[in-house]
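Secondary and tertiary structure notes
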Amino acid sequence: GENGVDGRAIRVGTRRSQLARIQTDNVVMMLRELYPDLHFEIVAMSTTGDKILDTALSKIGEKSLFTKELENALERNEVDLVVHSLKDLPTCLPPGFTIGAVCKRENPLDAVVFHPKNCGKTLSLLPEKSVIGTSSLRRAAQLKKKFPHLEFRDIRGNLNTRLKKLDEKEDFSAIILAAAGLKRMGWENRIGQLLSPEDCLYAVGQGALAVEVRAKDQEILNMVSVLHDADTVLCCIAERAFMKRLEGGCSVPVAVNTLLKDGQLYLTGAVYSLDGSDSLKETMQTSVSYPHQNEDGPNDDVQHVGITAKNVPGQAQEAAENLGVELASLLLSKGAKHILSVARQLNDA
């Protein structure tokens, strides 16, 4: 075959959780359709983030929590590609790795799942002091401000665990989860309320799946690159560039909303104090309608915030990255650094 990967098994690394397996199966199904002659084999492993369940995510440190073990396997050639939720991948990947594909984004919004006794309600209709479960500082910061009558408490574990904690105990009136994960698990009917960007801006990369590969593995890179969804790539490059310029990670509330319409990319970005009382939010736009030029040659492997997308016009990717950087710089010029460093200190304390 033209990719030179014929005749050997392509090993795909994934986390063991049910959602991770479903996401990986989706990607492998697409690859099997595109390459019916190739043999794909799924290798599941546990990560640190899957094992430490009694501590808030934001307290354990940075994003590589769910990716480190998978990247080690990639580095040792034990797997050829790894499927992640894009929002789990840090904006700076370890040297030698790249995101070789960003698949078409599922709904990126956050969703509220209510305790059965609150069925049919919305957050604003919940009684005073109702407890909402979320392990995300970003969600808590925005919703505290919007719904001051509610209380927010940490909840950890995979989707199955969190829904079980919600349904079987009386501790939580509702929990907040990504709509995309619920949809992929086939639990869309549990969504009691979708939070619009006015209520809650989402996480960088939320709803998109990423395929991480060895940057030098040209065959595998070419093979997975057909999975790229151009619109999703441009939105996520802008979001990741915004986050990277702000130096945000798991431990600070940074949120975004992107829209690509008629060749214009609109990016809204915001930073919040932990209690949501202090925030900065701005929107900027740029044109991303560039023709695709054949860019073979020395700039073959240009990465934009960790993403290699040869089949998306390079100038469009550059414009998207600049948009993220400029929006972050605007927020920094208005005092974002102070808000974020206070949030980081409070969270570390």
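One structure accompanies this document, and this report is about it. (Residues numbered from 1 in each chain as written. Predicted model: local features only at pLDDT ≥ 70, side-chain atom pairs only at ≥ 80, totals over all residues. Heavy atoms only, no water.)

**Quick look at the sheet that holds strand β12 (residues 264-272)**
Either a parallel or an antiparallel arrangement is found when strands of a sheet pair, and the pairing is made through backbone hydrogen bonds. Reading across from one edge, β11-β12-β13 is the order of the three strands in this open sheet, with antiparallel pairing throughout. Looking along the sheet, the strands with just one partner apiece sit at the ends: β11 (254-261) and β13 (279-287). Strand-to-strand twist of the sheet, defined as the mean angle between neighbouring strand axes without regard to direction, takes the value 15°. One ladder, built from nine bridges, connects β12 with β13; its direction is antiparallel. The partner of Leu265 across the bridge, within β13, is Thr286. Contacting β12 and β13, helix α10 (residues 314-333) crosses the sheet at an angle of about 150° to β13. (Pairing = 2+ DSSP bridges. Helix = DSSP H or I, 4+ residues; strand = E, 2+ residues; numbered from the N terminus. Axes fitted to C-alpha atoms, helices over the stretch in contact; angles between N-to-C directions. Contact = heavy atoms within 4.5 Å.)

**A few points about helix α6 (residues 159-168)**
Turning to α6, its buried residues are Leu159, Arg162, Leu163 and Leu166. Within α6, the buried residues cover an arc of 95° as seen down the axis, which keeps them to one side. Buried residues along α6 sit against α1 (18-34), β5 (110-114), β8 (174-178) and α7 (179-184). Put simply, Asn158 is the residue that caps the front of α6, since its side-chain oxygen is 3.1 Å from the backbone nitrogen of Asn160. (Buried < 20%, exposed > 50% of the residue type's maximum accessible area, 1.4 Å probe, protein only. Arc of directions from axis to C-beta. Polar contact = N/O pair within 3.5 Å; in protein donor to acceptor, adjacent residues only side chain to side chain.)

**Focus on the sheet that holds strand β7 (residues 151-153)**
The mixed open sheet is built from five strands, whose spatial order is β7-β6-β8-β5-β9. Here the strands that pair on one side only, and so sit at the sheet edges, are β7 and β9 (193-195). With direction set aside, neighbouring strand axes in the sheet form an average angle of 30°. Judged from the five bridges that link them, β5 and β8 form a sheet pairing that is antiparallel. Looking at the pairing, Val113 lines up with Ile175 of β8.

**Remarks on unusual backbone geometry**
Located in the positive-phi region is Lys129, a residue other than glycine, with phi close to 65°. As for its placement among the helices and strands, Lys129 is situated in the loop between β5 and β6 (131-133). One non-glycine residue, Asp262, lies in the positive phi region at around 50°. Residue position: Asp262 is located in the loop between β11 and β12.

**Overview of the nonpolar core**
Counting residues in hydrophobic clusters, the biggest one holds 46 residues, and the most contacted among them are Leu86, Ile99, Phe242, Leu246, Val254 and Val271. The greatest single-element share of this core, amounting to 10 residues, is contributed by helix α9 (residues 230-246). Other than its neighbours up to four places away in sequence, Phe242 contacts Val254, Ala255, Val256, Leu267, Gly269, Ala270, Gly324, Val325, Leu327, Ala328 and Leu331. With 20 residues, the next largest nonpolar core counts Val12, Tyr35, Leu81 and Met223 among its residues. (Core = buried A, V, L, I, M, F, W, Y, C linked by side-chain atoms within 4.5 Å.)

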